[in-house]
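Notes for the structure review
Listed below are the residues making up each chain.
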Amino acid sequence: MLQVQLEVGPDPAEVGRARRWARSRLAGSGIGEDEPLAETLILLISELVTNAVVHTGCPAVLRMLFGGPGVRVEVADASARGPARRQAAGDDTGGRGLELVDGLADRWGWQREGAGKRIWCEIDRAEKAASDRVADGPDRAPEGCAPIREPRVYL
């Protein structure tokens, strides 16, 4: 298993640096820049690093682990406050990060780590393209409701 990591400062400008760094590491791992998997991973990294930097004000560590059936992304920070889903209104410019992570990742979660936490997500390198994951969405619905089969589009 190959693991790479980047220390990220508590500045929103660090999100762009993290994306550029991740793109170069993906290319080195054999994932082409134009593959849907690469774009999905960059979006997930952007969301997780943004959440760490903006909502905690703490430095963070971004890790990517390559091996096995897929790719794991982890962001660890020094804040003990766990991630919280927000309900974004139609015109809100934020508040959708964890919804994107939930919709794009095959698995995600978080755990306490020392005085802080680690948020992680995984994407399998399966036959189903990452772009299909966005269009299909999960087959989950509240109890008593039928699954929604209409495509979800994230802009």
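In this report, the structure presented in the accompanying data block is examined. Counting starts from 1 at the beginning of each chain's written sequence and moves along it residue by residue. This being a predicted model, a pLDDT of at least 70 is required before a residue's local features are given, and a value of 80 or more before pairs of side-chain atoms are given or counted; all residues contribute to the totals for chains, interfaces and linings. As a convention, hydrogens and water are excluded, and side-chain values are obtained from all of the structure's heavy atoms.

Considerations on the overall build of the protein
- Only DSSP runs of H or I covering at least 4 residues are called helices, and only runs of E covering at least 2 are called strands; the numbering of each starts at the N terminus. Looking only at helices and strands, the protein features four helices and five strands.
- Of the regular secondary structure in the protein, the N- to C-terminal order runs β-α-α-β-β-α-β-β-α.
- Counting across all 155 residues of the protein, residues that qualify as buried make up 42%.
- The criterion used for residue contact is that any of the two residues' heavy atoms lie within 4.5 Å. Long-range contacts, defined here as pairs at least 24 residues apart, represent 56% of the contacts in the protein between residues at least 6 apart.
- The Shrake-Rupley method, run with a 1.4 Å probe sphere, supplies the accessible areas, and residue values consider only the shown protein chains as cover. For the protein, the exposed area adds up to about 8,700 Å²; of that, 51% sits on carbon and sulfur atoms. Exposure classes here rest on a 1.4 Å probe applied to the protein chains alone. A residue is buried below 20% of its type maximum, exposed above 50%, and partly exposed in between.

Structural notes on the packing of helix α1 (residues 14-28) against helix α2 (residues 36-56)
- Working convention: axes come from line fits to C-alpha atoms, limited for helices to the stretch in contact. Angles between N-to-C directions cover 0 to 180 degrees. Relative to each other, α1 and α2 sit at 150°, their axes nearing to 9 Å. At the point where α1 passes α2, the crossing takes the right-handed sense. Contacts from V15, A18, R19, A22, R23 and L26 of α1 reach α2 at A38, E39, L41, I42, I45, S46, V49 and T50.
- For the contact of α1 with α2, the class distribution of residues is nine nonpolar, two polar and three charged. Each crossing gets its hand from how the near helix is turned against the far one by less than a right angle, where anticlockwise is left-handed and clockwise is right-handed. For this scheme, ten residues count as nonpolar: Ala, Val, Leu, Ile, Met, Phe, Trp, Tyr, Cys and Pro. Four count as charged, namely Asp, Glu, Lys and Arg, and the remainder, Gly too, count as polar.

Concerning the packing of α2 against helix α3 (residues 97-104)
- Where α2 meets α3, the axes come as close as 10 Å, and the angle between the chain directions of the two elements is 145°. The chirality of how α2 crosses α3 is left-handed. For the pair α2 and α3, the contacting residues are T40, L43, L44, E47, L48 and N51 in the first and G97, L98, L100, V101 and L104 in the second.
- Per-class residue counts for the contact of α2 with α3 are seven nonpolar, three polar and one charged.

Structural notes on the pattern of salt bridges
- Take a side-chain nitrogen of Lys or Arg and a carboxyl oxygen of Asp or Glu: if they are within 4 Å of each other, that pair is a salt bridge. Taken as a whole and judged by the stated rule, the model has 10 salt bridges.
- A salt bridge links D124 to R107, with the nearest nitrogen and oxygen atoms 2.6 Å apart. Of this pair, D124 sits in strand β5 (residues 116-124) while R107 is found in strand β4 (residues 107-113), placing the two residues 17 residues apart along the sequence.
- Relative accessible area serves as the criterion here: at 22%, D124 is assigned to the partly exposed category.
- Residues joined by salt bridges that share partners form a network here, namely R63, R72, E74, R107, E113, R118, E122 and D124.

Quick look at the environment of G97
- Relative to the helices and strands, G97 resides in helix α3.
- On a C-alpha basis, the gap between G97 and E47 in space is 5.5 Å, while along the polypeptide they are 50 residues apart.

Some words on α3
- α3 sits mainly inside the fold: seven of its eight residues count as buried.
- Every buried residue of α3 is listed here: G97, L98, L100, V101, D102, G103 and L104.

Here we look at the pairing of β5
- Summarising burial for β5: eight of the nine residues are buried, a large majority.
- When DSSP finds two or more bridges between two strands, those strands count as paired. Pairing between strand β3 (residues 70-77) and β5: eight bridges, direction antiparallel. The residue of β5 that forms the bridge with A76 is R118.
- Bridging between β4 and β5 involves seven bridges; their strand directions are antiparallel. What sits directly across from W108, in β5, is C121.
- Once β4 ends, the chain turns through two residues before running back antiparallel as β5, passing G114 with a positive phi of about 60°.

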